[in-house]
Amino acid sequence: MTGLPKAELHLHLEGAAPPLFIRGLAKEKSVDLSGIFDAAGHYVYTDFWDFLKVYEAATSVLTTPEDYHRLTLAVLEQSSLSNVVYAETFLSPDFCGGRDVGAWREYLAAIREAADHAESHHGIILRGIITCIRHFGPEKARETALCAAETAGDWIVGFGIAGDEKAGEPKDFSYSFDMAREAGLRLTAHAGEWGGPESVRAALDDLKVERIGHGVRAIEDGALVERLAEDGIVLEVCPGSNVALGVFPDWPSHPIARLRDAGVKVTVSTDDPPFFHTTMAHEFDRLAETFDWAEDDLKALNRTAAEAAFCDAATRETLMTKLELS
Ligand code: ADE
Ligand code: ZN
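Residues numbered from 1 in each chain as written. Chains lettered and ligands numbered in written order. Predicted model: local features only at pLDDT ≥ 70, side-chain atom pairs only at ≥ 80, totals over all residues. Heavy atoms only, no water.

The subject of this paragraph is the packing of helix H1 (residues 19-28) against helix H3 (residues 65-81). Here H1 crosses H3 at 160 degrees, and the two axes come no closer than 11 Å. It follows from the interaxial angle that H1 and H3 lie roughly antiparallel. Handedness of the crossing formed by H1 with H3: right-handed. Contact residues: H1 offers Phe21, Leu25 and Glu28, while H3 offers Asp67, Arg70, Leu71 and Ala74. (Axes fitted to C-alpha atoms, helices over the stretch in contact; angles between N-to-C directions. Helix = DSSP H or I, 4+ residues; strand = E, 2+ residues; numbered from the N terminus. Parallel < 35°, antiparallel > 145°, perpendicular 65-115°, else oblique. Left-handed = near helix turned anticlockwise from the far one by under 90°. Contact = heavy atoms within 4.5 Å.)

Shown next as structure tokens:
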């Protein structure tokens, strides 16, 4: 399905860093990152919590706005090979300037400049969702939310939370989400990946998000599935990520088809593609072969993504055209 244009709503910028790019940067800066790569040069980790450590180690070599400029170019070039025409990426002021608003503005300017370049060269549109990191705690999240509020606008379109779902409670982060909402940002939260249905409910009730990152463990609770369907909550489903990290043992047992058939709005994304040996083209191919989904089923994922994208109306119209849906 490489040829089909695609939209993805759930992509961590650092998590999308090609290992070769990170190894190159580590060499330039004389940082020893050998422990996080296998003999073939791929990222290596043992479970989700080790994945978070490896992710943060790889991210440690990204220390300047120029590094993020190069990263953004590398990531978007990769995405365009799958014919991704629109992506929303999670950006973390924690990693970009240590949550200092002035420094964050410099990182953001560099990322935007690279995104503009990629749009004119590859036709891919990028927008940013500022993301706090749950296991860094609520105090740091408030500083992250301030960075988000200060730079909310036409390009920074949303606010979210990633990281260890087992750390703290969504309500600990209500203040930050309220600040982001008041600044006009749209809201999403990682939930229902490592936490069960109660975690998804808490994200909806305490953070008042309109999209859920993953959300797939909602399948364990029929009443919650009904609520998601009735309220039109959009799930940013990342099946390849879930299988690679062991949330589900294999593609046939992944609940995306059951959620869709129950009326839940589902979209598909890669999360951290090189960590999970995936691409958007690969995700679409696996969905087609596992669930016998036809091109129309895959196009429906794109339509849901376009409708749920946090971009402005004019960008959505452009996106619909690029996705051949209008
Ligand atoms: N950060 C990067 N990838 C993540 C994931 N799958 N879950 C939570 N936090 C993340
Ligand atoms: Zn994620």
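Between the first and last C-alpha of helix H4 (residues 101-122) there are 30 Å, a value that for 22 residues agrees with the 32 Å anticipated at 1.5 Å per step. Buried within H4 are the following residues: Trp104, Tyr107, Leu108, Ala110, Ile111, Ala114, Ala115 and Ala118. One side of H4 holds all its buried residues, which, seen down the axis, span an arc of 160 degrees. For H4, the exposed residues lying more than 90 degrees away from the buried face are Glu106, Glu113 and Ser120. On its buried face, H4 sits against H3, strand S2 (84-91), strand S3 (125-133), helix H5 (138-151) and strand S4 (156-162). The backbone nitrogen of glycine 102 lies 3.2 Å from a side-chain oxygen of the residue at the head of H4, namely aspartate 100. Directly after H4, the chain includes glycine 123, whose backbone phi takes a positive value near 70 degrees. (Expected span 1.5 Å × (residues − 1). Buried < 20%, exposed > 50% of the residue type's maximum accessible area, 1.4 Å probe, protein only. Arc of directions from axis to C-beta. Polar contact = N/O pair within 3.5 Å; in protein donor to acceptor, adjacent residues only side chain to side chain.)

By size, the foremost hydrophobic cluster in this structure holds 94 residues, and its most contacted members are Ile22 and Phe159. What isoleucine 22 contacts, discounting residues up to four positions off in sequence, is Ala17, Leu33, Phe37, Tyr43, Ala58, Val61 and Leu62. Listed in part, the 15 residues of the second largest apolar core include Ala7, Cys311, Leu323 and Leu325. (Core = buried A, V, L, I, M, F, W, Y, C linked by side-chain atoms within 4.5 Å.)

Take H5 next. Its 14 residues give H5 an end-to-end C-alpha distance of 20 Å, which sits within 8% of 20 Å, the value for a rise of 1.5 Å per residue. Inspection of H5 places Ala141, Thr144, Ala145, Cys147, Ala148 and Thr151 among the buried residues, and these make up the whole buried set. All buried residues of H5 fall inside an arc of 155 degrees around its axis, so they share one side. Considering only its buried residues, H5 is in contact with H4, S3, S4 and helix H6 (174-182).

All right, on to the site of ligand 1 then. Around ligand 1, the neighbouring residues are His12, Phe48, Phe51, Tyr55, Ala162, Gly163, His190, Glu193, His214, Asp271 and Asp272. In the model, a nitrogen atom of ligand 1 is placed 2.7 Å from a nitrogen or oxygen of the glutamate 193 side chain. Between ligand 1 and aspartate 272 there is a distance of 2.7 Å, counted from a nitrogen atom to a side-chain nitrogen or oxygen. Calculation on ligand 1 without its partners gives an accessible area of 260 Å², and the protein chains cover 97% of this total. Element by element, the count of residues in the shell around ligand 1 is highest for helix H2 (residues 48-59), at three residues. Of the residues contributing to the shell around ligand 1, the split by class is four nonpolar, four polar and three charged. (Near = heavy atom within 4 Å. Areas by Shrake-Rupley, 256 points an atom, 1.4 Å probe, with all protein chains shown as cover. Nonpolar A, V, L, I, M, F, W, Y, C, P; charged D, E, K, R; others polar.)

Distances from the zinc ion (ligand 2) to its protein donors, His10 (NE2), His12 (NE2), His190 (NE2) and Asp271 (OD), fall at 2.1 to 2.2 Å. Coordination geometry of the zinc ion (ligand 2): the four donor atoms subtend angles of 87 to 171 degrees at the metal centre, consistent with an arrangement described as irregular. Along the chain, the residues donating to the zinc ion (ligand 2) are arranged with the sequence spacing H-x1-H-x177-H-x80-D. Note on histidine 10: relative accessible area 0%, which makes it buried. (Donors = N, O, S within 2.8 Å, 3.2 Å for Na, K, Ca; no water. Tetrahedral: all angles 85-135°; square planar, octahedral: opposite > 155°, others 65-115°.)

Right, let's talk about the sheet that holds strand S8 (residues 265-268) for a bit. A sheet is described by the order of its strands in space; here eight strands give the open sequence S1-S2-S3-S4-S5-S6-S7-S8, paired in parallel fashion. Two strands lie at the open edges of the sheet, namely strand S1 (6-12) and S8, each paired on one side alone. Across the sheet, the mean angle separating the axes of adjacent strands is 25 degrees when strand polarity is ignored. Across four bridges, strand S7 (residues 234-237) lies against S8 in parallel orientation. The residue of S8 that forms the bridge with glutamate 236 is threonine 267. (Pairing = 2+ DSSP bridges.)

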